[in-house]
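Topology and contacts: notes
Spelled out, the chains give:
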Amino acid sequence: MGIKLEDFVQAANESINDEFGYGRWLVYDDYEIRIDKDGAYIKAPLRAGRPSEYNPLLVRGLSLEFAELAEGGEITQDDWLDWTKRWGVLGVRWREMPMSLHRGGRREKFSIFKSEAELANWVLRLYEAATAEDGPDVPRIRELLELDDDDTGSAKEIKGWALSEVALRVQRRLIGECFPRLYGLKDYSFVHSPSGFGSLGGAMWLQMMYLLTATGKIKRCGGPGCDKIIYFDSSDLPDDPEISGRAVRGTYKSKDYCSDNCRVKRWQRDRKNKKN
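Quick caveat: nothing in here was measured; it's all calculated off a predicted structure.

**Some words on the overall build of the chain**
Helix and strand counts for the chain stand at eight helices and eleven strands. Expressed as a percentage of its 276 residues, the buried residues of the chain come to 43%. Carbon and sulfur atoms provide 49% of the accessible area of the chain, an area that totals close to 15300 Å².

**Section: helix H6 (residues 155–177)**
Along its 23 residues, H6 runs 33 Å from first to last C-alpha, staying within 8% of the 33 Å computed at 1.5 Å per residue. Of all the residues in H6, the buried ones are Ile158, Ala162, Glu165, Val166, Val170, Arg173, Leu174 and Glu177.

**Some remarks on the pattern of salt bridges**
Across all of its chains, the model carries 19 salt bridges by this definition. Across the pair arginine 125 and glutamate 71 runs a salt bridge whose closest N-O atoms are separated by 2.9 Å. Linking arginine 125 in helix H4 (residues 110–130) with glutamate 71 in the loop between helix H2 (62–68) and helix H3 (77–87), this pair joins segments that are 54 residues apart in sequence. Measuring nitrogen to oxygen at the nearest pair gives 3.9 Å for the salt bridge that ties arginine 173 to glutamate 177. Linking arginine 173 with glutamate 177, this pair stays in helix H6, spanning four residues, or about one helical turn. Glutamate 177 shares its class with arginine 173; the two are buried. Overlapping salt bridges bring together Glu68, Glu71, Arg125, Glu128 and Lys228 as one network.

Here is what the cut-offs are and how they apply
- Residues numbered from 1 in each chain as written.
- Predicted model: local features only at pLDDT ≥ 70, side-chain atom pairs only at ≥ 80, totals over all residues.
- Heavy atoms only, no water.
- Helix = DSSP H or I, 4+ residues; strand = E, 2+ residues; numbered from the N terminus.
- Buried < 20%, exposed > 50% of the residue type's maximum accessible area, 1.4 Å probe, protein only.
- Areas by Shrake-Rupley, 256 points an atom, 1.4 Å probe, with all protein chains shown as cover.
- Expected span 1.5 Å × (residues − 1).
- Salt bridge = Lys/Arg side-chain N within 4 Å of Asp/Glu carboxyl O.

Here it is, written out as structure tokens:
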């Protein structure tokens, strides 16, 4: 007997719901840091109970906040624990895990979290330097790419090197952590979306992709000489049944500066200009 279309639609939706969770991520009420022979790891104890869930793609600016963790110093285990209590484990390398765990498992190594945050910070800072409003920040790009004095090129060429490296790193993470999704609708038609993610890390790399392709507003810090992106809005978010709706929060959206330091520097500059 042949397979009926409605049976296929139901099976496809059940498969998506069970294995990929429609883009939802799990967060337990409590996590603890423990140590074993492989180093520090974080774990949700049994008393944590049932997890809550959310869609990280609706947390606007989550990728910016994550990248900021690696700014200006070492990521501490307190930073790690605080992040995980709010958003859950990163869940990267999910293809190697049992499917029942990859939507926000109970355990993750500190070394993995640290390396992911450092990579996200490096990619974001390189993109910011390449797309600075006053033209590419060539010294910063050279520093981030670790270019030798023999690596010469025009500002335009160096900007191209930087953006190519950004695209390469983002694409590699998308390949490892994300996937397209197929939805069966009630009228037995189908829609597809490129926004499937197997990990919280993957969701944030999708957000980075949205930044690179954003046609809406990109807001940068108002501090003198600071080109940090503090908010972006893409009008080209994928048409996804699970992304529609109100964003959970807007990181930095209501702010003009990335830090108090930049705010003070702007105030000092404006005050000096008024005196002159």
